[in-house]
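Spelled out, the chains give:
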Amino acid sequence: METAMNRLGVFLEGLPARVTVDMARRAESAGFDRVWIPEIVFADAFVPSTAVALSTKRIEVGTGVVGIWSRSPVAMGLEAYTLHDVSGGRAVLGLGTQAKGYVENWHGRRYERPVRAMREFLTILRRIVDLEETTYEGEIFSVRGFRLQALPTERRLRLYVAAIGPKMVQLAGELADGLLGYFYSVEYLRDVVLPNLQIGAARAGRSLDGFDVGVGLPANVGDPDRSIDELRGQILMFATAAGSSPAYAKSISAAGFGDTAEEVRERARAGDTDGALAAISPEFVDALTVSGNPVHARERIAAYTEAGATSVAVNPAAPHAFYPLYAGHLEGLTFPEFDFDGYLRVIGDTMDALAR
């Protein structure tokens, strides 16, 4: 597999749009290759992405990620292609299935067969953004007789799949232009993700040369002791998230912290916030984040690229922050007050530390 890309990205999550634009400019000046702008509860992804595209010149702009049940394939294609055109071909469309509660409680859609749903959505969307006449009768998504009336762009819009578990990873290898993974340990990337990407590629009879194997990780780079301590909440959040994706637990176990994660889960189930956080060792934090001093953080990124990632995206996390990922997650725990000034500090320090 070709591994020459080695892009460095940064997530800009939960910021007011005007601050997102400022931070994206800062990321571009620092030499980052891509910004990822998520869509959960903070804002939509496309308006801030468009503002970033109009305010920068070089950096790629990715939706990281947009849920496939949030829009019809046609609406998604219209928005994504418009962003791609406005950006001068710098857009990357990251797609995910997101959590069942998001889909059913917020969008009023039925969350069903996520791998099948992603297959259908991605197939339809590929045809739409390639400006093809599109008719597709799926089990979940259907489109009849649509063609996007637009001028071709110089660069084809790239479609990425957010995937943690093996089946979705296989689908990415089969149909997508890239993978946006999250919270992979190096071992999980090497032993689970890459083999399953190859399975998917073989199913389609294609090579993975040029395919972007992306890994996103919680980040806090600067003072080693403070950055490790401030990221414990992120480990707590994913170590207890078996209800969202059991693959998070497998990623942790692959790094050698399965027993510790079970202790964290037991303490969290008992409502012991302090005990759950205290059980997370500095080594546990280090194995699944980009943290510590700048030299060590660069070494951690290099470990992922050496294992087969072609892009790494850091996700600066607010100090001590954690929150439920789905209904019923982390019930009974005491959540820290969100530290916005601290969050801006972590974003800035992390980008400065990793500037190229």
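A.B. asks: Looking at this model, I keep getting lost on the overall build of the protein. Mind explaining?
C.D. replies: The secondary structure content of the protein amounts to 15 helices and 11 strands. Its C-alpha radius of gyration of 19 Å places the protein within 12% of the 21 Å reference for a compact globule of 356 residues. In terms of principal-axis extent, the alpha carbons of the protein reach across some 55 × 40 × 40 Å. Within the protein, the proportion of its 356 residues that are buried is 57%. Here the analysis covers contacts within the protein between residues at least 6 apart in sequence; of these, 74% occur between residues at least 24 apart.

A.B. asks: Any chance you could explain helix α14 (residues 294-307) here in plain terms?
C.D. replies: Helical geometry: 3.6 residues make up each α-helical turn, so side chains three or four residues apart lie on a common side. In this model α14 runs 20 Å from its N-terminal to its C-terminal C-alpha over 14 residues, within 8% of the 20 Å that 1.5 Å per residue would give. Buried within α14 are the following residues: Ala297, Arg300, Ile301, Tyr304 and Ala307. Along the long axis of α14, the arc covered by the buried residues comes to 125°, so they all point the same way. Those residues of α14 that are exposed and angled more than 90 degrees off the buried face are Val295 and Glu306. On its buried face, α14 sits against β1 (7-11), α7 (186-204), β9 (212-221), α13 (282-287), β10 (290-292) and β11 (311-316). The backbone nitrogen of valine 295 has a side-chain oxygen 3.0 Å away, supplied by the residue at the start of α14, namely asparagine 293. Among the residues trailing α14, glycine 308 stands out with phi positive, at a value near 130°.

A.B. asks: Would you explain empty space enclosed by the protein in this entry?
C.D. replies: Gaps left between atoms show up when a probe the size of a water molecule is rolled over them. Here the structure, examined in full by the defined rule, presents 2 cavities of 30 Å³ or more. A volume near 70 Å³ is recorded for the largest cavity. Tallied by class, the residues present in the lining of the largest cavity amount to 7 nonpolar, 2 polar and 2 charged. Roughly 50 Å³ of internal volume is contained in the second largest cavity. Its residues assigned to classes, the lining of the second largest cavity comprises 5 nonpolar, 3 polar and 2 charged.

A.B. asks: Which parts of the structure should I look at to understand the pairing of β1?
C.D. replies: Two faces make up the sheet, and in a regular strand the side chains alternate between them. In terms of burial, β1 is a largely internal element, 5 of the 5 residues being buried. Burial of the side chains of β1 extends over both faces: Arg7, Gly9 and Phe11 are buried on one face and Leu8 and Val10 on the other. As defined by bridge partners, β1 adjoins β11 across 4 bridges and the pair is classed as parallel. Across the sheet, the residue bridging to leucine 8 is valine 312, located in β11. When β1 meets strand β2 (residues 34-37), the two strands line up parallel, connected through 3 bridges. By the bridge assignment, valine 10 is partnered in β2 with valine 35. Taking the sense of rotation as the criterion, the β-α-β connection linking β1, helix α1 (residues 17-29) and β2 turns out right-handed.

The rules behind each value
- Residues numbered from 1 in each chain as written.
- Predicted model: local features only at pLDDT ≥ 70, side-chain atom pairs only at ≥ 80, totals over all residues.
- Heavy atoms only, no water.
- Helix = DSSP H or I, 4+ residues; strand = E, 2+ residues; numbered from the N terminus.
- Rg over C-alpha atoms; globule rule 2.2 N^0.38 Å.
- Buried < 20%, exposed > 50% of the residue type's maximum accessible area, 1.4 Å probe, protein only.
- Contact = heavy atoms within 4.5 Å.
- Expected span 1.5 Å × (residues − 1).
- Arc of directions from axis to C-beta.
- Polar contact = N/O pair within 3.5 Å; in protein donor to acceptor, adjacent residues only side chain to side chain.
- 1 Å grid on protein atoms, 1.4 Å probe; cavity = no way out; pocket = protein on both sides within 12 Å on 5 of 7 lines; lining within 4 Å.
- Points joined across faces, edges and corners; volume = space filled by probe spheres on them.
- Nonpolar A, V, L, I, M, F, W, Y, C, P; charged D, E, K, R; others polar.
- Pairing = 2+ DSSP bridges.
- Right-handed = clockwise from strand over helix to strand, strands pointing away.

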